[in-house]
Amino acid sequence: MKKHRQLLALLICLVMSVSLLTGYFETKEEPAQSGEQDATQETAETREITDMAGRKVTVPAAENIESVFSAGPVAAIFLYMVAPDKLLGWNYELNDVEKSIILDKYQDLPNFGMGDAVNYEAVIAANPTIAINSGKINDAMVSDCDALSESLGIPVVAVDNELNNSAEAFRFMGELLGVEDHAEELAEYSEKIFTDIASLADIPEDEKVSVYFGNGEDSLETAPRGSQHAQILDAVNVTNVADLELGDGSRVQISAEQLLAWNPDVIVVNGEPKADKSGNSAAEDILSNPDYASLKAVQDNKVYGTPNAPFSWVDRPAGPNRLIGMRWLSAVVYIKCDVNEEIREFFNLFYHVDLSDEQLENVLKGTL
């Protein structure tokens, strides 16, 4: 009996020892559990996304993206429309026409340059969270994004600037930057524009209006069919008279004789931003030039200068600024209607400004 009691006591001691040892090791393992929690928190601060070029990019969580460098004017316009407070700066000095619409607090943001003229030291010193590059999605675009990321040491995200992909681009940027609600408004408005002019796709080929789109100080630089810079003409289903080989660029220089031979129904001219020549001024030059007096568009007084505030409505740059151009050009060419309220709505939603009557008139005239 005594032996049984001794064995029982020994067994109890053994169980207590094992329990103590187990508790000790569980206590020792707690720091490891804490470490796992820290790792989880670190992971939650970043995310892997697929950008619009199909690249896998690790970027900070949306709430941690404080400022964004735009690699070019199109990216800057996208940023200004979607999330202006995150725009690090512009890519050139804004002119007076642009400043007439851009809100005061964003007019004097730094100019970081673009292309080969980017001031990398200034960008790095400004410490942006990420960069955005917007353009035509192709191998060159992917290469440019990768090279820029290496130069700046930050993630670079590709955004498609194809006109008919505008809604997708807005939604993508909204999710990237954590401004989904506003981006969805922009996306839905973009889709509405395409829906509203969808009926133009049914116009028979022989009833399409022929249009010449001119650029430059003499308006003799054009964007041929298939050029990204002529997308708005395709969008409203007109016939682009410039059925030319693209060559190495997106625009082609022509002669006055070629324009006379094409003899388009309508002429739309963009002017020359680098020379501060407005679309309206370029249109007046054509209308008053005796060499062009025989043109059908001149005789019918259908030569139009593109509105260019705050950015050109048709091209240069080839960004989401062209969406309102679709409204305007379709009204000029096919749909005879008053687009003033559409313009006001667009400017309020995309450019964050309520146009006064005077501003609206000046925007359409191409004046300040």
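Before any of the text, the structure's been laid out above.
Everything numeric here is computed off the predicted structure, so don't read it as measured data.

Things to note about helix H2 (residues 73–82)
Okay, so step 1: Most of H2 sits inside the fold, with nine of its 10 residues counted as buried.
Okay, so step 2: Residues of H2 that are buried include every one of Val-74, Ala-75, Ala-76, Ile-77, Phe-78, Leu-79, Tyr-80, Met-81 and Val-82, and no others.

Here we look at the packing of aromatic side chains
Okay, so step 1: In the structure shown here, the tally under the stated rule is 15 aromatic pairs.
Okay, so step 2: Measuring from ring centre to ring centre gives 5.6 Å for Tyr-189 and Phe-350, while their planes differ by 70°; the resulting arrangement is edge-to-face. Placement of the pair is Tyr-189 in helix H8 (residues 180–196) and Phe-350 in helix H14 (residues 340–351), with a sequence separation of 161 residues.
Okay, so step 3: What makes Tyr-189 buried here is its relative accessible area of 4%.
Okay, so step 4: Ring pairing ties together the aromatic residues Phe-78, Tyr-80, Trp-90, Tyr-106, Phe-170, Tyr-189, Phe-311, Trp-313, Phe-346, Phe-347, Phe-350 and Tyr-351, which thus form one cluster.

Notes on the pairing of strand S6 (residues 210–215)
Okay, so step 1: Burial runs high along S6: six of the six residues are buried.
Okay, so step 2: Alternating positions in S6 separate into two faces, Ser-210, Tyr-212 and Gly-214 on one and Val-211, Phe-213 and Asn-215 on the other, with burial throughout.
Okay, so step 3: Where S6 meets strand S8 (residues 239–240), two bridges bridge the pair, whose relative direction is parallel. By the bridge assignment, Val-211 is partnered in S8 with Asn-240.
Okay, so step 4: Bridge count for S6 against strand S10 (residues 266–269) is four bridges, and the pairing is parallel. When the bridges of S10 are listed, Gly-214 appears paired with Val-269.
Okay, so step 5: With two bridges connecting them, S6 and strand S7 (residues 221–222) associate as antiparallel partners.

What to know about H8
Okay, so step 1: For H8, which comprises 17 residues, the first-to-last C-alpha distance of 24 Å matches the rise-based estimate of 24 Å (1.5 Å per residue) to within 8%.
Okay, so step 2: Looking at H8, one finds that the buried residues are Ala-183, Leu-186, Ala-187, Tyr-189, Ser-190 and Ile-193. Along the axis of H8, the buried residues cluster in a sector spanning 160°; they form a single face. Across H8 from its buried face, at more than 90 degrees, point the exposed residues Asp-181 and Thr-195.
Okay, so step 3: For H8, the elements touching its buried residues are H2, helix H7 (166–177), helix H13 (323–333) and H14.

Definitions and limits used
- Residues numbered from 1 in each chain as written.
- Predicted model: local features only at pLDDT ≥ 70, side-chain atom pairs only at ≥ 80, totals over all residues.
- Heavy atoms only, no water.
- Buried < 20%, exposed > 50% of the residue type's maximum accessible area, 1.4 Å probe, protein only.
- Helix = DSSP H or I, 4+ residues; strand = E, 2+ residues; numbered from the N terminus.
- Phe/Tyr/Trp six-rings, centres within 6.5 Å; stacked < 30°, edge-to-face > 60°.
- Pairing = 2+ DSSP bridges.
- Expected span 1.5 Å × (residues − 1).
- Arc of directions from axis to C-beta.
- Contact = heavy atoms within 4.5 Å.

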